[in-house]
Amino acid sequence: MADAGQWFKQLPRFTRYWLAGTISMSLLTRFGILPLQHMYLARDLVLGKLHLWRCATSLFVYPLTPSTGFHFLINCYFITQYSARLEKDQFGRSPADYLYLQLIVSTLAVLGGLVFNVAFLMDLLVVAVTYIWCQLNKDVIVNFWFGSRFKAIYLPWVLAGMELIFQGSIASLIGIFIGHFYYFLKFQYPQELGGNAFLETPSILKQYVPDVSGGISYFGVPPATRAQQRPAAAAGGGGAFPNAWGRGNTLGH
C-alpha cells in the first residue's frame, strides 16, 4: 500500500486529480452512495429541466459492472500513462496550460455527449488526451495487442476502429475529433500555418497555477527527436482487448 501511495503521489497534479475523482465517484455510484440515475448526461434533462450538474458528474462517473470493470481499468491505465506523460513532459513548466487543455477537452466532451447522446464521457476524455499525446509524439513506437507494434500516431485510430467494430460505438471517434480540435488550434495552426494563437491560457489560470521556473519543458513544440528515443507501451504492453475498449455508454444503457 505504501508503494501504491507513493506511485499515486508521483503522478502529475491534474492527472492525479482526474484519476482520483474518476475512481472515487465511480465507486460511490457502484455501491449506491451516489445515485447513478442523477449522474449521467442526458440532453432532455440538461436542456429541458436544467440538470446542469450532469455536465460535470458525467465527466467523472463511469458505470461499474462486472462487464465494464476491465474496460474501466484500461481507461485508468491510459490516464496514468498518456495524461501523465502529456502533463509532465509537454506541459511540465506550464501546469496552467494543461489545466486549460482539460477544461477545453471537457467542455467539448460535454457538447459531444449532448449532440450524440453519450451518457458517460470517460471514453471521450481518455481518447482525446491520448490523441493529443500521440500527435506530439508521432514517432514513438507503441506495443499493442498480440505484440503488434506501430507508431503512436496510429494508436487512437486503432482504438476507434476496434470500438466501432466490436461495440458499434463512435465514442472514440468523437474523442479523436475533440483531440484534433485542440491540437490543431494550439499547435498546428499557429506554428505550422502562421495563424493566430486562439487557445492562449487565460491569465487568471496563470495566477491560480503559476508557471514552474527551471527544468526542461517541451511545451509548444512537438518533441520529434525526443519521441524517437523513448518507446512507449499501450495498455501495459499487452494491448487493450477488443471487448474492453470503447464502450460507448449511450443514454439508456
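The structure displayed is predicted, hence computed values, not measured ones.

Looking now at the UniProt feature "transmembrane region" (unreviewed entry) in the protein chain. Using the residue numbers shown here, the UniProt feature "transmembrane region" (unreviewed entry) corresponds to residues 17–40, 60–79, 100–133 and 153–185. Annotated as residues 60–79, this span is 60% helix and 0% strand, and its ends, taken at the C-alpha atoms, are 12 Å apart. Each end of residues 100–133 is marked by a C-alpha atom, and these two atoms are 15 Å apart; helix forms 85% of the span and strand 0%.

Time to look at the packing of helix α8 (residues 155–167) against helix α9 (residues 171–192). Where α8 contacts α9, the axes come no closer than 8 Å and their chain directions differ by 155°. When the interaxial angle is binned, α8 and α9 end up roughly antiparallel. Contacts between α8 and α9 involve P156, W157, L159, A160 and E163 from the first element and A171, S172, L173 and I176 from the second. Tallied by class, residues from the contact of α8 with α9 come to 7 nonpolar, 1 polar and 1 charged.

For L50, which is not glycine, the phi torsion reads 60° and is therefore positive. Located in the positive-phi region is N117, a residue other than glycine, with phi close to 60°. Relative to the helices and strands, N117 is located in the loop between α6 (95–116) and α7 (122–136).

To continue, consider α8. When the terminal C-alpha atoms of α8 are compared, their 18 Å separation across 13 residues agrees well with the 18 Å that a helix rising 1.5 Å per residue should span. Residues of α8 that are buried make contact with α5 (69–90), α7, β2 (149–151) and α9. Positive backbone phi, approximately 65°, marks G168, located one or two places after α8.

A cluster of nonpolar side chains, contributed by V115, F116, W157, L164, I165, F166, I170 and L173, occupies part of the molecular surface with about 820 Å² of accessible area. Listing elements by their share of the nonpolar patch, those giving two or more residues are α6 and α8. Among the elements that make up the nonpolar patch, the one with the highest residue count is α8 (4 residues).

As a further point, take the layout of surface pockets. The computed volume of the largest pocket comes to approximately 260 Å³. Around the largest pocket, the lining residues are F14, Y17, W18, L59, F60, L99, Q102, L103, S106 and L125. Of all the elements in the fold, those that place two or more residues in the lining of the largest pocket are α2 (13–30), α4 (54–60) and α6. Among the elements that take part in the lining of the largest pocket, α6 stands out by supplying 4 residues, more than any other. Residue classes in the lining of the largest pocket are distributed as 8 nonpolar, 2 polar and no charged.

Right, let's get into the side chain of S26. In this fold, S26 is placed in helix α2. Residue S26 is classed as buried on the basis of its relative accessible area of 0%. Separated by 2.7 Å, the side chain of S26 and the backbone oxygen of T22 make a polar contact. Aside from chain neighbours lying at most four places away, what touches S26 is F60, V61, Y62, L64 and F72.

Mapped onto the elements, Q188 comes out in helix α9. Of the residues examined, Q188 reaches a relative accessible area of 17% and is grouped as buried. With residues up to four places along the chain from it excluded, the contact list for Q188 reads H180, Y183 and L193.

All right, on to the pattern of salt bridges then. All told, the structure shown has 3 salt bridges when counted by the stated rule. In this structure, K151 and D139 form a salt bridge, with 3.5 Å as the shortest nitrogen-oxygen distance. With K151 in strand β2 and D139 in the loop between α7 and β1 (141–143), this pair connects stretches of sequence that are 12 residues apart. Looking at K151, the relative accessible area reads 37%, which means it is partly exposed. The partner of K206 in a salt bridge is D211, with the nearest N and O atoms 3.0 Å apart. With relative accessibility at 25%, the residue K206 sits in the partly exposed group. Relative accessible area serves as the criterion here: at 45%, D211 is assigned to the partly exposed category. One network of salt bridges, in which partners are shared, links D97, K206 and D211.

Calculation rules
- Residues numbered from 1 in each chain as written.
- Predicted model: local features only at pLDDT ≥ 70, side-chain atom pairs only at ≥ 80, totals over all residues.
- Heavy atoms only, no water.
- UniProt positions renumbered as here; feature names shortened; annotations may be inferred.
- Helix = DSSP H or I, 4+ residues; strand = E, 2+ residues; numbered from the N terminus.
- Axes fitted to C-alpha atoms, helices over the stretch in contact; angles between N-to-C directions.
- Parallel < 35°, antiparallel > 145°, perpendicular 65-115°, else oblique.
- Contact = heavy atoms within 4.5 Å.
- Nonpolar A, V, L, I, M, F, W, Y, C, P; charged D, E, K, R; others polar.
- Expected span 1.5 Å × (residues − 1).
- Patch = residues over 30% accessible without salt bridge, like charges linked within 9 Å, V, L, I, M, F, W, Y side chains within 5 Å.
- Areas by Shrake-Rupley, 256 points an atom, 1.4 Å probe, with all protein chains shown as cover.
- Salt bridge = Lys/Arg side-chain N within 4 Å of Asp/Glu carboxyl O.
- 1 Å grid on protein atoms, 1.4 Å probe; cavity = no way out; pocket = protein on both sides within 12 Å on 5 of 7 lines; lining within 4 Å.
- Points joined across faces, edges and corners; volume = space filled by probe spheres on them.
- Buried < 20%, exposed > 50% of the residue type's maximum accessible area, 1.4 Å probe, protein only.
- Polar contact = N/O pair within 3.5 Å; in protein donor to acceptor, adjacent residues only side chain to side chain.

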